[in-house]
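Listed here are the chains, written in short residue letters.
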Amino acid sequence: MTTTSETAPAAPAAAPAVPPKSPKSPQHTVRSKNRIDPAYYWMVVPVLALFAFFITLPALVGVFFSLTNYAGYGDWKFIGLSNYVNIFKDPAILQSYIFTFVFALTTTVVVNVVALAIALGLNAKIKWRTGIRTVFFIPMVLSALVVSFVFNYLFSNTLPVIADSLGVTPLATSILANENYAWLAIVLVTVWQAAPGATIIYLAGLQSVPSEVYEAADLDGAGSFRQFLSLTLPLILGYLVINVILGFKGFLGTYEIIVGLTGGGPGMATQSVAMRIFSGFTGGDYSYQMANAVIYFLITLLISVIQLRLIQRRGVSL
């Protein structure tokens, strides 16, 4: 009898040894997470450089010359804070500040009231809503200077003729030549052009309000006015804040419409701060108006900070 010896299976080949991975240190992990893509620098640095060259540098140069007697040409010498002291004693400068702030406050209120009323009407389910919206938004795309010249003709020629034929004596002469009423014409034209932009923002806010909210209010028996006060206004409060801030800031720098309507007159009754500052470029009053510009910048900056603080306290999300 022959016996066969069973051969044992060969042992598998040993796997190649893999060196253990060294654990990353926490500092290395934080650095990799906080690393900024170089592409961001290529996008941000050129913008910052252009802003510094065209905005920051000229502003610093203006601040420097506000401490001199520079007339915009020729020689100059350092005079310290004399320009700033004289500004607070200048009645013409104070008059321009009073006019500018009264105009800005009045126009901001009127623009927002008119724009909100228009937005509520355009947001309603009415016929030819798209066409009506187009008509209301036309003033926004027109040049402020062109608009002011057109209204100048209307206030100086067309309106007096119509008022005289109707026997309305106060309007038989141009209100642009009246120191007491010229600013009202500026407010009217500014509202006519600025209201469409504010209307767009209000329309965006109204369309963001769910329709179910109004359906529930209808079931509870709330009327239209009650719904506006209790639902619409609180829900679009953020949009109202945006319009107030942007509008007030823009109206503080009003210039083109005043130039086209009154040129700052009659006398200096409608001369804004911006017009006074620009007059320094051609009137040999460069350093004096640069000091005026610095003061005006600080005032507007303070107003902006106060507005932001009020927004943060009320918890309005922009």
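What counts, and where the lines are drawn
- Residues numbered from 1 in each chain as written.
- Predicted model: local features only at pLDDT ≥ 70, side-chain atom pairs only at ≥ 80, totals over all residues.
- Heavy atoms only, no water.
- Phe/Tyr/Trp six-rings, centres within 6.5 Å; stacked < 30°, edge-to-face > 60°.
- Buried < 20%, exposed > 50% of the residue type's maximum accessible area, 1.4 Å probe, protein only.
- Helix = DSSP H or I, 4+ residues; strand = E, 2+ residues; numbered from the N terminus.
- Core = buried A, V, L, I, M, F, W, Y, C linked by side-chain atoms within 4.5 Å.
- Contact = heavy atoms within 4.5 Å.
- Expected span 1.5 Å × (residues − 1).
- Bend = angle between axes of the 7 residues up to and from the residue.
- pLDDT = per-residue confidence, 0-100.
- Polar contact = N/O pair within 3.5 Å; in protein donor to acceptor, adjacent residues only side chain to side chain.

Next up on the list: the packing of aromatic side chains. Scanning all chains against the criterion turns up 13 aromatic pairs. Their ring planes at 70° and their centres at 5.5 Å tell us that Phe64 and Phe65 sit as a pair that is edge-to-face. By relative accessible area, which is 15% here, Phe65 ends up buried. A ring pair is formed by Phe65 and Trp76, whose centres lie 5.8 Å apart and whose planes are at 85°; its orientation type is edge-to-face. Here Phe65 is found in helix α2 (residues 38-65), whereas its partner Trp76 is found in the loop between α2 and α3 (82-87), with 11 residues between them in sequence. For Trp76, a relative accessible area of 39% translates into the label partly exposed. Through pairs of rings, three or more aromatic residues link up here, namely Phe64, Phe65, Tyr70, Trp76 and Tyr286.

Grouped together as the largest cluster of nonpolar side chains are 46 residues, with contacts concentrated most on Phe155, Ile186, Val189 and Leu261. Counting residues per element, the ones that place at least two in this core are α3, α4 (91-123), α6 (144-166), α7 (182-207), α10 (237-252), α11 (256-261), α12 (273-282) and α13 (286-314). It is α4 that provides the largest number of residues to this core, a total of 11 residues. Beyond its immediate stretch of four places on either side in the chain, Ile186 contacts Phe99, Phe103, Ile257, Ile258, Leu261, Thr262 and Thr270.

A few words now on α2. Over its 28 residues, α2 runs 39 Å from end to end, which matches the ideal 40 Å to within 8%, given 1.5 Å per residue. Roughly 40° is the biggest bend found in α2, and it falls at Ala52.

Let us look at the confidence of the model for the protein. Averaged over all residues, the pLDDT of the protein is 83; the fraction at 70 or higher stands at 86%. With pLDDT under 50 throughout, residues 1-8 is counted as low confidence; its partners more than four residues away or in other chains account for 0 contacts.

Turning next to the environment of Asn83. Turning to its location among the elements, Asn83 is positioned in helix α3. With 204 residues separating them along the chain, Asn83 and Ser287 place their C-alpha atoms 7.5 Å apart. Ignoring sequence-local partners within four residues, the contact set of Asn83 consists of Ser66, Thr68, Ser287, Tyr288 and Ala291. Within the structure, the side chain of Asn83 is placed 2.9 Å from the backbone oxygen of Ser66, a separation counted as a polar contact.

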